[in-house]
Amino acid sequence: MAESDIPVFEGDYSFNTGKLKQFSIPDYVIFAAVLVISASIGFVFAWKDRNKKKVEDFMLAGRNMHPIPVSLSLLASFMSAITLLGTPAEMYNFTTMYMYICLGYVLVIAGAAHLYIPVFYRMNTTSVYAYLERRFSKGVRTAASLTFVLQMILYMALVLYAPSLALNAVTGFSLWGAIVSIAVVCTLYTAFGGMKAVLWTDTFQVVMMFIGLFTVLIQGCIVVGDWNTVWESAKRTQRVWFTDFRADPAVRHSFWTLTIGCYFTWVAVFGANQAQIQRCITCSSLKKAQVAMWVNMPGLSLIMILGCIIGLVMSAFYERCDPLKADFVTDSNQLLPMFVMDILAHMPGLPGLFVAGLFSGALSTISSGLNSISAAILEDVIKAYFVKDMKEHHGKIYSQVISFIFGGICLGLTFVASQLGSVLQAALSLFGMIGGPVLGLFTLGMFYPWANKWGAYSGLFVSLIFMFWIGTGAQIDKPIHEKALRFTDQCNVTAFSTSRANAVNATVLPAEEPERSWAYPLYSVSYLWYSTIAVMTCNFVGIVVSFATGATKPSDVDPDLLIAPCDSIYPLIFLPERIKKPLRFGVDYSKQKKRDEAGGGDKFSNAMYEKPRGEKENDGTATYNF
């Protein structure tokens, strides 16, 4: 295509005027209305369930939720404002390789729904970390639970800060006004309404997220033209690339990082995370929980694909005037809000609608996080060590107080989030650095019957230290990744100050390669491999230490706590019995299999999991049940 064929967008746009557009009164009204509706849903359920004093009603919605709202809540919990901001920015900055992550999601849901969820579902417990006490010891349970709490408060701070900062820079929306309003509203409806309020509010917020995405996509396509225009622009700027099959772990996004690496990154969220598992066990049966997981999968892919397409439309719109080079914005996370204001500001109310969808993502994530943190702290710390015979109504009060406390902590940690750069990469790095070792711990317990509590302690802490070393090093000694082509030749520099105009027109010299530390090869590993490395480290160290300190006898481990790969993983299930039998390592899964086939694994059975009074702490080999 000739240079003259490249479209020039004439009109009241930022690159023509040199000015960023601001929110109008209708935008503020719509944004406020969404906050009010979200808070109202929480208070409605708080009022309806005011006479229900059981912790189970507050934390697990009575375990009788329909799969549809559960699946939408699963979708909303981690498809937050970070995804809505980060995915278009990822596509704008890099290439279409990122779309392969949708293949990874299929593997993630299959692994979470059919390997990890059945084990947790049979346990009939509010906290998933109770598994670790049954399998290893109370200390391992507490260590993993507190690790999860650390992950969630950092993630929630990132979710709260990133969209607020982006909107403040681009729309003039008050930074701390956005942060405080979101934190207060979310904390209130979560603390008073409990899990049921979170599930139904998440359902409303997912709808708002999709409305916001479709609004931006439709109007963006109208402004830019047709899909052919968008695609030709993407090819000119070297964004179209689907054939990166390099096995080099330093490649940021290859086919392997986006499928295998994505599997370990996201199965740590969907298969071994209190926030997600807690939603699954609100369903009345295992099959319904698995249905909720699979119904959630198309939603995950749709949000990701919409974000990618919006990123391509956005790159076509700004092809000849890159907002980052022109100094309109200082961070990639501000690109989408700027694009929204450019194409929607002439229709008062629609920018507010998009912002409402964006902050709905933040609300859903923070509410899910607060609810799961309160469950973990209550079950794994307070009940385990301080108030063992807690009355039901006291448990509900404790949960509400914990939600308020951690809502305040999340608000206070927003400064930490401001130092993490790209929100999408920072969030997924966090999943790998902290969620990865926890996934490794559950995998150690479920797949390796020889593991004992000393192996569990060692695997968890060694993998945590190792991953924080890599993650911190990558922040300090940052790898350089090649980005898509970006230009500024159609920026209206006459609207800029002299210094900005000179900066735009200046020739950019190639940057010198910085001096690297000896550990740079580790720091350069793609962030999507973090969780994989953490799981491998935890399992390797855990097995070595377990055998060094006296491995657990497989026949002594409750088969309900283990996964038989040859009976659970396709295509191993088709192996002949003479091969599969040795792969069970002496564990008798027959009772578990018969109970599941008879439907016993579908309903909760308290009798199966009652711990005898006066039972000593599990030493890693006992098989008593909770």
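Residues numbered from 1 in each chain as written. Predicted model: local features only at pLDDT ≥ 70, side-chain atom pairs only at ≥ 80, totals over all residues. Heavy atoms only, no water.

## Some details on the overall build of the protein
Here's step 1: Secondary structure summary: the protein contains 25 helices and zero strands in total.
Here's step 2: Buried positions account for 60% of the 626 residues belonging to the protein.
Here's step 3: Look at the contacts in the protein between residues 6 or more apart in sequence, and 87% of them connect residues 24 or more apart.
Here's step 4: Carbon and sulfur atoms form 64% of the exposed surface of the protein, whose accessible area is close to 24300 Å². (Helix = DSSP H or I, 4+ residues; strand = E, 2+ residues; numbered from the N terminus. Buried < 20%, exposed > 50% of the residue type's maximum accessible area, 1.4 Å probe, protein only. Contact = heavy atoms within 4.5 Å. Areas by Shrake-Rupley, 256 points an atom, 1.4 Å probe, with all protein chains shown as cover.)

## So, the nonpolar core
Here's step 1: Formed by 174 residues in total, the largest nonpolar core has its most connected members in Trp266, Phe317 and Phe442.
Here's step 2: At 17 residues, the largest contribution of residues to this core is made by helix H9 (residues 175–224).
Here's step 3: Dropping the residues within four chain positions of it, Phe442 is found in contact with Phe120, Val128, Tyr129, Tyr131, Leu132 and Ala272.
Here's step 4: Formed by eight residues, the second largest nonpolar core is a distinct cluster that contains Val34, Ala197, Phe204 and Met208. (Core = buried A, V, L, I, M, F, W, Y, C linked by side-chain atoms within 4.5 Å.)

## Concerning the side chain of Asp322
Here's step 1: Examined against the element boundaries, Asp322 turns out to sit in the loop between helix H13 (286–317) and helix H14 (335–344).
Here's step 2: Within the structure, Asp322 has its side chain in polar contact with the side chain of Tyr92 (distance 2.4 Å).
Here's step 3: Discounting residues that sit within four places of it in the chain, Asp322 has contacts with Tyr92, Arg486, Phe487, Thr488 and Cys491. (Polar contact = N/O pair within 3.5 Å; in protein donor to acceptor, adjacent residues only side chain to side chain.)

## Comments concerning the pattern of salt bridges
Here's step 1: On inspection of all chains with the given rule, the structure shows 16 salt bridges.
Here's step 2: The partner of Asp567 in a salt bridge is Lys580, and the shortest N-O contact between them spans 3.7 Å. Here Asp567 is found in helix H23 (residues 565–568), whereas its partner Lys580 is found in helix H24 (residues 577–583), with 13 residues between them in sequence.
Here's step 3: Among the residues examined, Lys580 registers a relative accessible area of 10% and is labelled buried.
Here's step 4: The salt bridge partner of Asp567 is Arg584, with a shortest N-O separation of 2.8 Å. (Salt bridge = Lys/Arg side-chain N within 4 Å of Asp/Glu carboxyl O.)

## Digging into the state of the cysteines
Here's step 1: The tally for this structure, following the rule as stated, stands at one disulfide.
Here's step 2: One disulfide bridge connects Cys321 with Cys491, the sulfur atoms lying 2.0 Å from each other. Taking the sign of the S-S torsion, 105° for the link of Cys321 and Cys491, the bridge is right-handed. Here Cys491 lies in the loop between helix H19 (453–476) and helix H20 (498–505) and Cys321 lies in the loop between H13 and H14, a separation of 170 residues in the sequence.
Here's step 3: By relative accessible area, which is 3% here, Cys321 ends up buried.
Here's step 4: The thiol of Cys308 is unpaired, and the distance to the nearest cysteine sulfur, on Cys102, comes to 6.7 Å.
Here's step 5: Its relative accessible area of 1% is what places Cys308 among the buried residues. (Disulfide = S-S within 2.5 Å.)

## Description of the confidence of the model for the protein
It should be kept in mind that the predicted coordinates are not to be read in detail where pLDDT is low.
Here's step 1: With 85% of its residues at a pLDDT of at least 70, the protein reaches an overall mean of 81.
Here's step 2: Summarising per-element confidence for the protein, the mean pLDDT is lowest in H20 (56) and highest in helix H22 (residues 530–549) (96).
Here's step 3: In this model residues 599–626 is a low-confidence stretch, pLDDT under 50, and it forms 66 contacts with partners more than four residues away in sequence or in other chains. (pLDDT = per-residue confidence, 0-100.)

## Here's the deal with the packing of helix H8 (residues 138–171) against helix H15 (residues 350–386)
Here's step 1: The geometry of H8 relative to H15 is characterised by a closest axis approach of 9 Å and an angle of 160° between their N-to-C directions. Here H8 lies roughly antiparallel to H15, going by the angle between them. Crossing of H8 over H15 shows left-handed handedness.
Here's step 2: Looking at side-chain class alone, the contact of H8 with H15 contains 23 nonpolar, seven polar and four charged residues. (Axes fitted to C-alpha atoms, helices over the stretch in contact; angles between N-to-C directions. Parallel < 35°, antiparallel > 145°, perpendicular 65-115°, else oblique. Left-handed = near helix turned anticlockwise from the far one by under 90°. Nonpolar A, V, L, I, M, F, W, Y, C, P; charged D, E, K, R; others polar.)

## A few points about the environment of Ile153
Here's step 1: Position of Ile153 among the secondary structure elements: in helix H8.
Here's step 2: Sequence spacing of Ile153 and Cys410 is 257 residues, and the spatial spacing of their C-alpha atoms is 5.7 Å.
Here's step 3: Setting aside residues up to four positions removed in sequence, Ile153 forms contacts with Ile373, Phe406, Ile409 and Leu413.

## With respect to H15
Here's step 1: Its 37 residues place the ends of H15 51 Å apart at the C-alpha level, agreeing with the 54 Å of an ideal helix rising 1.5 Å per residue.
Here's step 2: When the local axis directions of H15 are compared, the greatest deviation, roughly 35°, occurs at Leu378.
Here's step 3: Along H15, 33 of the 37 residues are buried, which leaves the element largely enclosed by surrounding structure. (Expected span 1.5 Å × (residues − 1). Bend = angle between axes of the 7 residues up to and from the residue.)

## What about unusual backbone geometry?
Working note: non-glycine residues mostly have negative phi, and peptide bonds are mostly trans.
Here's step 1: A positive phi angle, near 70°, is found at Asp327, a position not held by glycine.
Here's step 2: For Asp327, a relative accessible area of 41% puts it in the partly exposed group.

## Some words on H22
Here's step 1: Taking 1.5 Å of rise per residue, 20 residues should cover 28 Å, and H22 covers 28 Å from first to last C-alpha, within 8% of that figure.
Here's step 2: Most of H22 is tucked away, with 14 of its 20 residues classed as buried.
Here's step 3: Following H22 by one or two positions, Gly550 has its phi on the positive side, about 105°.

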